[in-house]
Amino acid sequence: MAFATTHRSTLALSRQVNKNALKSLTATRQLSSSDDKKHATPTSFATKCASLYHPSAGANRGLAPPIYFGSTFLLDDADHGARLHDKKEAAYTDQDGFVYSRWGSPTNEACAKQIAALEGVDERGGTLLFGSGMSGITSALMSALKAGDHAVFPYTVYGGTHEFIKEFAIHWGIEVDFIDAAGKNGPEAYKAALRENTKVVYCETPANPTCRITDLKGVGRVVDEVYGTREENPNRPWVMVDGTFATPYHQRALDIPGVDVSIQSCTKYLGGHSDILAGAVSSKSPEFCHGIAKVQKLITAPLNPMDSYLLMRGIRTLDVRMQRHGENALQVAKMLDEHPLVASTFYPGLENHPDNTGGDDCLVSQAFRSGRDSPEDASIMPQTYGGMIAFIVAGEGDLALERAKKVCEGLRVVNLAVSLGSVESLVEHPASMTHAMIPREDRLAGGLDDGLIRISVGIERASDLVQDLKQSLDRVMEEERAEKAA
């Protein structure tokens, strides 16, 4: 044996180690156990290499949380391991700690609790983090649906979600209806689609990429009317909301009666720097958290420690970034709304947005809290409407399609790239990019015209963005005039 142990008698030690090894019993070190007496001090070179050395106890006072890369965790004894393996899956661990990183890890949990705080999750529920937004979406759906169940989705659901439904869910025996969820008529459209076997009512608001708003209060109300509240009927459908465009800075879906699950693609605004893939699913329901935690444990996987750390770092500036995104986007939207090549501009901050109706029941006002915690904050915190804009270039069919491509390709400050919510501005053409997998008929039914362009407005100087978009639009018009003249 190549190392000394404190669990054997001195006589036994004398038979196995030399005098130098005996002296090493008095040496201090930090291995993976908090119990210094449990592990021996290595004496051989190979065992020193393979041992896990930790910093001294006072080293845990760093201001930023550390990154725990370990895939497995040291157990106190066999009974400790038995307890951990016998526990019911949940969002967070308890005083027994962690057992294996596929079931959760410290850095992941620290970040999850930060997002749970933003979402307003109480101690009964929790947040689970995934390796992408789609991983979170599919995990949520797989935890709630089985063969023979029914789900309702909006036409303007994210392209990846639509693809999962069409390529997987329906082949697993899940029945699906798509409805027009936008505006004040949305709740009644959901209500008309509900069935006895409905298990998921799925919302995406603001919608990607049209920026239309779903009346979440109305959706929660009609589901309660048909099935009863969660307290009255534990088997009622799960109402899920993808609020990636708004983030909890604007929209806290779990504060709305009848809403059970909030989903965020943290790749976008919460991460904010185009350097991670991440997704978050939050719920106040311990039953839902148990179900999705089991899916995460067995099918998907938790967000890795490094990306969990980067996500925490991004969230620290979410409040100030979201304000700047909104201020810039309003200036860009106003220019687009006046440009002759733009047929329609969809931005919640414009008065002509179809859901910006004014009054107490205005869906735009309800969806954009602008980081405020109470109505009194309105006097000190400016109203903004997020950083996402959609606009449609003039023309029909192929003409609009080609014009939209040229506008995107002619930009010199805004980046032609998918994704959104980062500090740099991004533009994309849904018909040929993010929503290309959706049949044209379905795409048009959801308001995704051939000439629709989506912009994620960053935090650059607003005038630079306005000028860049204007010059690209102007160039397309000038080229067409030159072609006609020739």
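From a predicted model like this one, the values you see are computed outputs, not experimental measurements. (Residues numbered from 1 in each chain as written. Predicted model: local features only at pLDDT ≥ 70, side-chain atom pairs only at ≥ 80, totals over all residues. Heavy atoms only, no water.)

This part covers the overall build of the protein chain. Looking only at helices and strands, one finds 17 helices and 12 strands in the protein chain. A principal-axis box enclosing the C-alpha atoms of the protein chain has dimensions of 100 × 55 × 50 Å. Sequence-distant contacts in the protein chain: of pairs separated by 6 or more residues, those separated by 24 or more amount to 69%. Here the protein chain has roughly 22,600 Å² of accessible surface; of this, 52% comes from carbon and sulfur atoms. Charge separation in the protein chain, taken as the distance between the mean sites of 50 positive and 62 negative side-chain charges, equals 9 Å. (Helix = DSSP H or I, 4+ residues; strand = E, 2+ residues; numbered from the N terminus. Contact = heavy atoms within 4.5 Å. Areas by Shrake-Rupley, 256 points an atom, 1.4 Å probe, with all protein chains shown as cover. Lys, Arg positive; Asp, Glu negative; His and termini not counted. Charge placed at Lys NZ, Arg CZ, Asp CG, Glu CD.)

So, about the sheet that holds strand β10 (residues 415-416). Pairing between sheet strands relies on hydrogen bonds along the backbone, with the strands arranged either parallel or antiparallel. Sheet architecture is open: five strands sit in the order β8-β9-β12-β11-β10, paired in mixed fashion. The outermost strands of the open sheet, each flanked by one partner alone, are β8 (342-346) and β10. Examined bridge by bridge, strand β9 (residues 388-393) and strand β12 (residues 452-456) share five bridges and lie antiparallel to one another. From the neighbouring strand, Ala-390 faces β12, where its bridge partner is Arg-454. Contacts from helix α15 (residues 397-409) reach β9, β10, β11 (426-428) and β12, with the element oriented near 135 degrees to β9. (Pairing = 2+ DSSP bridges. Axes fitted to C-alpha atoms, helices over the stretch in contact; angles between N-to-C directions.)

Within this model, the second largest pocket holds a volume of roughly 420 Å³. Its residues placed into classes, the lining of the second largest pocket shows 12 nonpolar, eight polar and seven charged. (1 Å grid on protein atoms, 1.4 Å probe; cavity = no way out; pocket = protein on both sides within 12 Å on 5 of 7 lines; lining within 4 Å. Points joined across faces, edges and corners; volume = space filled by probe spheres on them. Nonpolar A, V, L, I, M, F, W, Y, C, P; charged D, E, K, R; others polar.)

Glancing now at the packing of helix α8 (residues 186-193) against helix α9 (residues 216-227). The geometry of α8 relative to α9 is characterised by a closest axis approach of 8 Å and an angle of 30 degrees between their N-to-C directions. Taken together, the axis directions place α8 and α9 in an arrangement best described as roughly parallel. Seen from above, α8 lies across α9 with right-handed handedness. Contacts between α8 and α9 involve Pro-187, Glu-188, Tyr-190 and Lys-191 from the former and Gly-218, Val-219, Val-222, Glu-225 and Val-226 from the latter. A class-by-class count of the residues in the contact of α8 with α9 yields five nonpolar, one polar and three charged. (Parallel < 35°, antiparallel > 145°, perpendicular 65-115°, else oblique. Left-handed = near helix turned anticlockwise from the far one by under 90°.)

What follows deals with empty space enclosed by the protein. Unfilled space is identified by rolling a water-sized probe across the atoms. A complete count under the given rule lists two cavities of 30 Å³ or more for this structure. Considering the residues around the largest cavity, the lining is formed by Pro-206, Cys-211, Phe-245, Pro-348, Phe-368, Tyr-385, Gly-386, Gly-387 and Met-388. Residue composition of the lining of the largest cavity, by class: seven nonpolar, two polar and no charged. If you add up the space inside the second largest cavity, you get close to 40 Å³. Lining the second largest cavity we find Tyr-155, His-162, Phe-178, Ile-438 and Asp-442.

Moving on: the sheet that holds strand β2 (residues 150-154). The strand order across the open sheet formed by seven strands is β1-β7-β6-β5-β4-β2-β3, and the pairing between neighbours is mixed. The strands lining the two open edges of the sheet, one partner per strand, are β1 (126-130) and β3 (175-179). Taken over all neighbouring pairs, the strand axes of this sheet differ in orientation by 20 degrees on average, direction set aside. Taken together, the five bridges between β2 and β3 define a ladder with parallel strand orientation. Directly across from Phe-153, in β3, lies its bridge partner Phe-178.

Mapped onto the secondary structure, His-39 falls in the loop between α2 (19-23) and α3 (45-50). Taking the C-alpha atoms as reference points, His-39 and Val-241, separated by 202 residues in sequence, lie 49 Å from one another.

Among the nonpolar cores identified, the biggest contains 28 residues, and Leu-141, Tyr-202 and Met-240 are the most heavily contacted of them. Ignoring sequence-local partners within four residues, the contact set of Met-240 consists of Ala-140, Leu-141, Ala-144, Val-200, Val-201, Tyr-202, Cys-203, Val-261, Ile-263 and Phe-288. If you look at the next biggest cluster of nonpolar residues, it comprises 27 residues, including Ala-329, Met-335, Leu-341 and Leu-350. (Core = buried A, V, L, I, M, F, W, Y, C linked by side-chain atoms within 4.5 Å. Buried < 20%, exposed > 50% of the residue type's maximum accessible area, 1.4 Å probe, protein only.)

Quick look at the packing of aromatic side chains now. To describe a pair of aromatic rings, one takes the distance between the centres and the angle between the planes. Scanning all chains against the criterion turns up nine aromatic pairs. Each ring, one from Phe-168 and one from Trp-172, has its centre 5.9 Å from the other, and the planes form 55 degrees; the classification is tilted. What links up through ring pairs into an aromatic cluster is the set Phe-153, Tyr-155, Phe-178 and Tyr-202. The ring of Tyr-92 carries the charged tip of Lys-113 above its face, separated from the ring centre by 5.1 Å. (Phe/Tyr/Trp six-rings, centres within 6.5 Å; stacked < 30°, edge-to-face > 60°. Lys NZ or Arg CZ within 6 Å of the ring centre and 35° of its normal.)

A covalent bond between the sulfur atoms of two cysteines is referred to as a disulfide. Evaluated as defined, the whole model comprises zero disulfides. This cysteine, Cys-289, is not joined by any disulfide, and Cys-266 carries the nearest cysteine sulfur, 15 Å off. Since its relative accessible area comes to 4%, Cys-289 is described here as buried. (Disulfide = S-S within 2.5 Å.)

Between Thr-205 and Pro-206 the backbone carries a cis peptide bond, its omega angle lying at -10 degrees. With respect to the secondary-structure elements, Pro-206 resides in the loop between β4 (198-204) and α9. The peptide bond linking Asn-208 to Pro-209 adopts the cis configuration, its omega dihedral lying at 5 degrees. By the secondary structure assignment, Pro-209 is in the loop between β4 and α9. The residue Thr-247 is not glycine, and still its phi comes out positive at about 65 degrees.

On to the pairing of β1. Across the five residues that make up β1, a large majority, five, are buried. The side-chain alternation of β1 yields two buried faces, one formed by Gly-126, Leu-128 and Phe-130 and the other by Thr-127 and Leu-129. In the sheet, β1 pairs with strand β7 (residues 279-283) via five bridges, with the strands oriented antiparallel. Paired with Phe-130 across the strands is Gly-279, a residue of β7.

Once that is clear, we can look at α9. Spanning 12 residues, α9 covers 16 Å between terminal C-alpha atoms, matching the ideal 16 Å at 1.5 Å per step. Taken together, the buried positions of α9 are occupied by Leu-216, Gly-218, Val-219, Gly-220, Val-222, Val-223 and Tyr-227. Against the buried residues of α9 lie α8, β4 and β5 (238-242). Downstream of α9 by a residue or two, Gly-228 has a phi angle that is positive, lying close to 90 degrees. (Expected span 1.5 Å × (residues − 1).)

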